[in-house]
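Structural overview
Given next are the chains, with one letter for each unit.
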There are 2 protein chains.
Amino acid sequence: MQLTALGYALIGLVLGEPRSGYALRKVFELTPMGAYSSSPGSIYPALNKLVKAGLLEQRAPAAGGKKKFHATPHGVREMNDWLRTPVTQEEVAKSIDLPLLKFAFLPMAEDVRVTREFLSGFEAAVRAHIESLESYLTGPEGQSLSPHGRLAVENGLLGYKAHVDWAMRASEAFK
Amino acid sequence: MQLTALGYALIGLVLGEPRSGYALRKVFELTPMGAYSSSPGSIYPALNKLVKAGLLEQRAPAAGGKKKFHATPHGVREMNDWLRTPVTQEEVAKSIDLPLLKFAFLPMAEDVRVTREFLSGFEAAVRAHIESLESYLTGPEGQSLSPHGRLAVENGLLGYKAHVDWAMRASEAFK
DNA sequence: CCAACCATGTAAGCTGTTACATGATTGA
DNA sequence: TCAATCATGTAACAGCTTACATGGTTGG
């Protein structure tokens, strides 16, 4: 189905705990999830789209109170499919944020193996990307790079190496 | 004026060396600048917009050959203003890519002090962001975080710490 | 009572993506 | 000559941002 980052973030959040649209906005405002944006103009239309697609539904809780968004079985399935899709090098090259969002929601898969598989795939994808950056630097293009350009690429490399270290340490925690 | 990342990338590239639209596309296809996207559908309209805004112009080189994009004086001024605008914590929180693009183009400012100021501002902005992530983790919200959520935030922290290390090392190189 | 917060949306505009279309040049 | 590459675009669509609009509730 291929949702947007915001779509996955919304389903993942209500899977953890059903919430109103407003409560979801607050999460983006007040936590590091803020990177996945915010503001009524994006969240409410996104929620309505997910409802139309049959991935979420709005239900009033049994004990009264206001309506909250819940994931439908279809939404749960969609999320599980996504969680089990291995991270690719292209994804990592584009932005590390989406893979990390996925990681944050892995407990919803209710199976440690999914976490383990994510981490090994993530590590491999990041390592592959590091290699491509390194071969760019040692290749003809990289040789003619300005000092600033080279440093900028090296900054990227350091960041990706930090991700590898993290993946290795996290793997220990889920062994 | 506030251009998009692609806009700054295009001006910066032709400042280094005048190029055709096609040559610019190749840069995005074949180098780590690929993160700033690509493909005719975005580059050609962006170039035309920059021409309309008076920041670029298309000129045929004296010795014949095809037309290439050059930066106008206005374009140069716009770039210089941008290069000298200090990086903010909000920018860093949103994405580290734009600040790094700026760094890569700092030689165009033709003054090492601009690089030094960038690096100290960058480091400060990243450190501030690290502190806000850390206080989130130690605060009430962070205490109730799932192990996965906590690890995801810690991944971010490691990445930002790598950026600080890089900034300190780079500062040495421009002292 | 009034400010702050709860709560949900719409509309205009900008950017970018994907896919399609066109035609020139060049090397095997 | 034919495939690849050079070279430049357009059109439909998706997504997000900003700004605006609306009204209810609650605590000082």
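Structure: above.
Going along each chain's sequence as written, the residues are numbered from 1 onward. Throughout, the order in which chains and ligands are written sets their labels, letters from A for the former and numbers from 1 for the latter. Under the rules for a predicted model, residues below a pLDDT of 70 receive no local features and side-chain atom pairs below 80 are neither given nor counted, while totals for whole chains, interfaces and linings still include all residues. Side-chain measures were taken over the full set of non-hydrogen atoms in the model, leaving aside hydrogen atoms and water.

**Some points on the packing of helix α4 (residues 73–84) of chain A against helix α6 (residues 97–105) of chain A**
All names here are of chain A. The axes used here are C-alpha line fits, helices contributing only the stretch in contact, and every angle between their N-to-C directions lies in the interval 0 to 180 degrees. Numbering of helices and strands runs from the N terminus, with a helix taken as a DSSP run of H or I at least four residues long and a strand as a DSSP run of E at least two residues long. Put simply, α4 and α6 touch, their axes get as near as 10 Å, and they point 120° apart. In this view, α4 runs oblique relative to α6, as classed from their interaxial angle. The element α4 and its partner α6 pack so that their crossing is left-handed. In this structure, α4 uses M79, W82 and L83 to contact α6, whose residues at the interface are L98, L101, K102 and F105. Here the residues of the contact of α4 with α6 are counted per class, giving six nonpolar, no polar and one charged. For classification, angles of less than 35 degrees are called roughly parallel, those exceeding 145 degrees roughly antiparallel, those between 65 and 115 degrees roughly perpendicular, and all remaining angles oblique. Each crossing is labelled by how the near helix is turned from the far one, with a counterclockwise turn of less than a right angle marking it left-handed and a clockwise turn marking it right-handed. What makes two residues a contact is simply this: any of their non-hydrogen atoms within 4.5 Å. Ten residue types, Ala, Val, Leu, Ile, Met, Phe, Trp, Tyr, Cys and Pro, are classed as nonpolar, four, Asp, Glu, Lys and Arg, as charged, and the remainder, Gly among them, as polar.

**Some remarks on the environment of A:G65**
With respect to the element layout, A:G65 can be found in the loop between β1 (56–59) and β2 (68–71). A C-alpha to C-alpha distance of 51 Å links A:G65 and A:I130, two positions 65 residues apart in sequence.

**Observations regarding the packing of aromatic side chains**
Note on ring pairs: Phe, Tyr and Trp rings are taken, using the six-membered ring of Trp, and paired if centres are within 6.5 Å. Classes follow the plane angle, with under 30 degrees stacked, over 60 edge-to-face and the rest tilted. Under the definition given, this model contains twelve aromatic pairs over all chains. With a centroid separation of 5.7 Å and an interplanar angle of 45°, the aromatic rings of B:F103 and B:F118 are classed as tilted. You can see B:F103 sitting in helix α6 (residues 97–105) and its partner B:F118 sitting in helix α7 (residues 112–138), a full 15 residues away along the chain. Summary of the burial criterion: residues with accessible area below 20% of their type's maximum are buried, those above 50% are exposed, and those between are partly exposed, where the area comes from a 1.4 Å probe applied to protein chains only. Take B:F103: its relative accessible area is 0%, and that puts it in the buried class. You can call B:F118 buried: its relative accessible area is 5%. Taking 5.6 Å as the distance between ring centres and 15° as the angle between the ring planes, the aromatic pair formed by B:F118 and B:F122 counts as stacked. Remark: B:F122 and B:F118 occur in helix α7; sequence separation between them is four residues, near one turn of the helix. There is no split in this pair, since B:F118 and B:F122 are both buried. Taken together, A:F103, A:F118, A:F122, A:W166 and A:F174 form an aromatic cluster joined through their ring pairs.

Any functional reading would require information that these geometric values do not contain.
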